[in-house]
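As a plain string of letters, each chain reads:
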Amino acid sequence: MATAAVDHLVIAAASLDDGVRWCEATLGVTPEPGGRHALMGTHNRLLDLSSADFPRCYLEIIAIAPAAPPPGRARWFGLDEPALQQALAHDGPRLVHMVARTDNLDMHRWGLVQQGHNPGTTLAASRGALHWRIVVRDDGRLEAGGALPTLIEWAPGSAHPCDAMPVSGVTLRALTLRGLRAGARDVLRLPRVHVDPEASPPGLSAVLHTPRGEIALTTPP
């Protein structure tokens, strides 16, 4: 079975300005411009995290775009959940999720379904020169505290966000998925990612090397 790989980490923010301030204060760098997602009514800023262990990997800071029309469906990454929006407004941006890149999205999605997960349905999305397919639940919710990755498959010939990003001085050093079932771990076979099926509460943790030293990010309980 083919392996997946870490594509990007997701930081949710109440506003994109909040996300930029968080990135500068926490990681010591300013994220690059991103763009808008018409499909979901969101917008983002990006930061390259690529390293030898995690190539073509980046950080996405994402927020609901206030001027965007309602998307007519639940947004990805649980952004419509009132509890998350209240926490973001009160406590600031936070790590919520990881997206896994695959060249065989349908196979990996079916494998997760066979393990009893609900990864969602496959949607086509684009932003400028970027084109991809992504698996999103109809209710937008994340499983296992965000530890079950969202699957993404970049279209053949499409650019990847890392292609246009300069080296940031921030790299992903380690990633742990807590409470992810062993069956899902075996379907995805994510290189360099530690999976602890017995950990509680479920969620994920990342260690980043930054201009301010090593920074640990974790999903709150």
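Throughout what follows, the structure given in this document is the object of discussion. Predicted model, so just to flag it, every value in this text is computed and none were measured. Positions within a chain are numbered from 1, following the residues in the order the chain's sequence is written. Per-residue local features are limited, in this predicted model, to residues with pLDDT of at least 70; the limit for side-chain atom pairs, both in listing and counting, is 80 or more; totals at the level of whole chains, interfaces and linings are taken over all residues. Calculation of side-chain values draws on the structure's entire complement of heavy atoms; hydrogens and water are dropped beforehand.

Taken together, the eight strands give an open sheet; going across it, the order is S2-S3-S4-S1-S5-S8-S7-S6, and neighbouring strands pair in mixed fashion. Pairing within the sheet leaves two strands with one partner each, and these edge strands are strand S2 (32-37) and strand S6 (121-127). Averaged over all adjacent pairs, the angle separating strand axes in this sheet is 30 degrees, with direction ignored. Strands are treated as partners if at least two bridges between them are detected by DSSP. Going along the chain from the N terminus, every DSSP run of H or I of four or more residues is numbered as a helix, and every run of E of two or more is numbered as a strand. In this structure, strand S3 (residues 42-48) lies alongside strand S4 (residues 58-64), joined through seven bridges in antiparallel fashion. The partner of Thr 42 across the bridge, within S4, is Ile 64. Helix H2 (residues 82-91) contacts strand S1 (5-12), S4 and strand S5 (94-101) of the sheet and is inclined by roughly 125 degrees relative to S5. In the packing of helix H3 (residues 105-114) onto the sheet, the strands contacted are S6, strand S7 (130-136) and strand S8 (150-154), and the crossing angle to S8 comes to about 170 degrees. The angle between two axes is taken between their N-to-C directions and runs from 0 to 180 degrees, where each axis is a line fitted to C-alpha atoms and a helix contributes only its stretch in contact. Whether two residues are in contact is decided by their heavy atoms, any of which lying within 4.5 Å being enough.

For side chains of opposite charge, pairing can occur when their charged atoms come near one another. Salt bridges are defined by distance alone: a side-chain nitrogen of Lys or Arg within 4 Å of a carboxyl oxygen of Asp or Glu. Evaluation of the coordinates by the stated rule reveals 12 salt bridges. Residue Arg 101 is joined to Asp 7 by a salt bridge in which the shortest nitrogen-to-oxygen separation is 2.7 Å. Pair noted here: Arg 101 is in strand S5 and Asp 7 is in strand S1, with a separation of 94 residues, a long-range link. Two residues, Glu 153 and Arg 133, come together in a salt bridge whose shortest N-O distance is 2.8 Å. Linking Glu 153 in strand S8 with Arg 133 in strand S7, this pair joins segments that are 20 residues apart in sequence. Think of it in three bands: residues with accessible area under 20% of the maximum for their type are buried, residues over 50% are exposed, and the middle band is partly exposed, with areas taken using a 1.4 Å probe on protein chains only. Looking at Glu 153, the relative accessible area reads 15%, which means it is buried. Bridged by salt links that share partners, the residues Asp 106, Arg 133 and Glu 153 form one connected network.

The subject of this paragraph is unusual backbone geometry. With omega at 0 degrees, the peptide bond leading from Ser 200 into Pro 201 counts as cis. Secondary-structure assignment places Pro 201 in the loop between strand S10 (193-196) and strand S11 (203-210). Here Phe 77, not a glycine, exhibits a phi torsion of approximately 65 degrees, which is positive. The topology assignment puts Phe 77 in the loop between S4 and H2. Unusually for a residue other than glycine, Arg 189 sits at a positive phi of about 50 degrees.

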